[in-house]
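Each chain, written out:
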Amino acid sequence: MQRTRALMLAAGLLAAQPIYAGEVEDERVMRVCVDHYPPFQILQPEHPPIGENIAALELFASLLQRQLTFIASPNFARCLHMLEQGSVDVLAGIYAKPERAAFSYFLPYRNDGRFVFISQQTLANVNDYEDLSALSIGVSRETEYFDRFDSDAGLNKVQTNDVISATNMLLKGRFDLLIVSEVVLPSLRARFSDFDDKLKVHPYTHEEQRLVYFGVSKRHQMAIPLGEMQAIIGQAYEEGRFMHAVEEFATHHLEHY
């Protein structure tokens, strides 16, 4: 990937303090859609969202001298629709797909992680990709995993709303396998006390060498030229500042891992 080049940022950028939707409606605000997807995004009653993506978004807003407003959503698919409609400005943690380029700009965030497959204990081990062909696999709606899997029309994929409802469906035997990002396993174990008694993680995993992006709606209302955003966010990515923010979050929130 061609790297973005820019001048060094001026010192003294404003720190972005999160606010809730409806409090401020002007170009100084950065509207962000978040759903509950630990440890990336964690929604807690009576508290602002936290998580890896939230830490990165706080830096993103600070670099652009904007103030965050979080708009909660039941799932990622709804967030993606809001980005397309321009009812939110930014969505963190998306892949650059041609169909999304029609309504979103992509600004680099981090490298992708590993995907794993989980099932009930009784299922025979999935040792390679070919073992998937005979099984039904739960997927979260509008979520991208890896190219071979996403484009394989021969696989029996069962659409679910989110990873929590999908895990409940797996426990009830609604499908054979569930694909998830490896980093969410600790939060699933914390939420489902019988996880290790009833479920298992299979030997076959997949890690694709690609970038994860911030998606910026082409209808955003932040009044910042695209070139300026690309320069500022691209330089921060090259300097590893977003991953540093993520690592800082993980260090101080080990309970989510």
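Residues numbered from 1 in each chain as written. Predicted model: local features only at pLDDT ≥ 70, side-chain atom pairs only at ≥ 80, totals over all residues. Heavy atoms only, no water.

Caption draft 1: The overall build of the protein chain, seen in detail. A tally of helices and strands in the protein chain yields eight helices and 13 strands. For the protein chain, the proportion of its 257 residues judged to be buried stands at 49%. Counting only contacts in the protein chain whose residues sit at least 6 apart along the sequence, the fraction spanning at least 24 positions is 75%. (Helix = DSSP H or I, 4+ residues; strand = E, 2+ residues; numbered from the N terminus. Buried < 20%, exposed > 50% of the residue type's maximum accessible area, 1.4 Å probe, protein only. Contact = heavy atoms within 4.5 Å.)

Caption draft 2: Region of interest: the state of the cysteines. This model, assessed by the stated rule, comprises one disulfide. Between C33 and C79 runs a disulfide, and the two sulfur atoms are separated by 2.1 Å. Between C33 and C79, the disulfide has an S-S torsion of -70° and is therefore left-handed. Taken together, the residues span a long stretch of sequence, with C33 in strand β2 (residues 29-34) and C79 in helix α2 (residues 76-85) at a distance of 46 residues. (Disulfide = S-S within 2.5 Å.)

Caption draft 3: A look at the environment of G240. With respect to the helices, strands and loops of the structure, G240 is situated in the loop between α7 (226-238) and α8 (241-252). Taking relative accessible area as the criterion, G240 reaches 30% and is therefore assigned partly exposed. Each C-alpha atom of the pair G240 and Y109 lies 8.9 Å from the other, and the pair is 131 residues apart in sequence.

Caption draft 4: Quick look at helix α1 (residues 52-63). Compared with an ideal rise of 1.5 Å per residue, which puts 12 residues at 16 Å, α1 spans 17 Å between its outermost C-alpha atoms and is within 8% of the ideal. Counting buried positions over the 12 residues of α1 gives 11, a clear majority of the element. Where α1 is concerned, the buried positions are E52, N53, I54, A55, A56, L57, L59, F60, A61, S62 and L63. Q65, located one to two residues past α1, shows a positive phi value of around 55°. (Expected span 1.5 Å × (residues − 1).)

Caption draft 5: View of the packing of aromatic side chains. Under the defined criterion, the tally for this structure stands at 14 aromatic pairs. Ring centres of Y129 and Y204 lie 6.4 Å apart, and the angle between their planes is 75°; on these two criteria the pair is classed as edge-to-face. Remark: Y204 occurs in strand β12 (residues 199-207) and Y129 occurs in the loop between β8 (114-120) and β9 (136-140); sequence separation between them is 75 residues. Look at Y129 and you get buried, because its relative accessible area is 7%. Between Y145 and F149, the aromatic rings sit 5.7 Å apart at their centres with planes inclined by 85°, giving edge-to-face as the arrangement. You'll find Y145 and F149 in the same group, each marked buried. Taken together, the aromatic side chains of F115, F117, Y129, Y145, F146, F149 and Y204 make up a single cluster linked through ring pairs. The residue whose ring lies beneath R110 is Y109, and the NZ or CZ to ring-centre distance is 5.3 Å. (Phe/Tyr/Trp six-rings, centres within 6.5 Å; stacked < 30°, edge-to-face > 60°. Lys NZ or Arg CZ within 6 Å of the ring centre and 35° of its normal.)

Caption draft 6: Just the packing of α1 against α8, in detail. Between α1 and α8, the least distance of the axes is 8 Å, while the angle of their chain directions is 135°. Considered as vectors, α1 and α8 are oriented oblique to each other. The two elements α1 and α8 cross, and the hand of that crossing is right-handed. Of the residues in α8, those in contact with E52, A55, A56, L59, F60 and L63 of α1 are R241, F242, A245, V246 and F249. Residues that form the contact of α1 with α8 fall into these classes: nine nonpolar, no polar and two charged. (Axes fitted to C-alpha atoms, helices over the stretch in contact; angles between N-to-C directions. Parallel < 35°, antiparallel > 145°, perpendicular 65-115°, else oblique. Left-handed = near helix turned anticlockwise from the far one by under 90°. Nonpolar A, V, L, I, M, F, W, Y, C, P; charged D, E, K, R; others polar.)

Caption draft 7: Summary view of the nonpolar core. Counting 45 residues, the largest nonpolar core has F60, L132, F149, F214 and F242 as its most contacted members. At seven residues, the largest contribution of residues to this core is made by α1. Residues within four places of F60 in sequence aside, it is in contact with M30, V90, L107, F214, V216, I233 and F242. V116, I164, L178 and L185 belong to the second-largest nonpolar core, a separate cluster that totals 16 residues. (Core = buried A, V, L, I, M, F, W, Y, C linked by side-chain atoms within 4.5 Å.)

Caption draft 8: Focus on the sheet that holds β9. Read from one edge to the other, the open sheet built from five strands follows the order β10-β9-β11-β8-β12, with strand pairing classed as mixed. The open sheet has two edge strands with one neighbour each: β10 (156-160) and β12. On average, each strand axis in the sheet is tilted by 30° relative to the strand beside it, whichever way the strands run. Alignment of β9 against strand β11 (residues 177-181), held across two bridges, turns out to be parallel. Paired with G138 across the two strands is L178, which belongs to β11. The sheet contacts of helix α4 (residues 163-171) involve β8, β9, β10, β11 and β12, and relative to β11 the element is tilted by about 150°. (Pairing = 2+ DSSP bridges.)

Caption draft 9: Seen up close, the confidence of the model for the protein chain. Confidence in the prediction for the protein chain averages 87 pLDDT; 89% of positions are at 70 or higher. Throughout residues 1-24 the model reports pLDDT below 50, and contacts reaching past four residues in sequence, or to other chains, amount to 49 contacts. (pLDDT = per-residue confidence, 0-100.)

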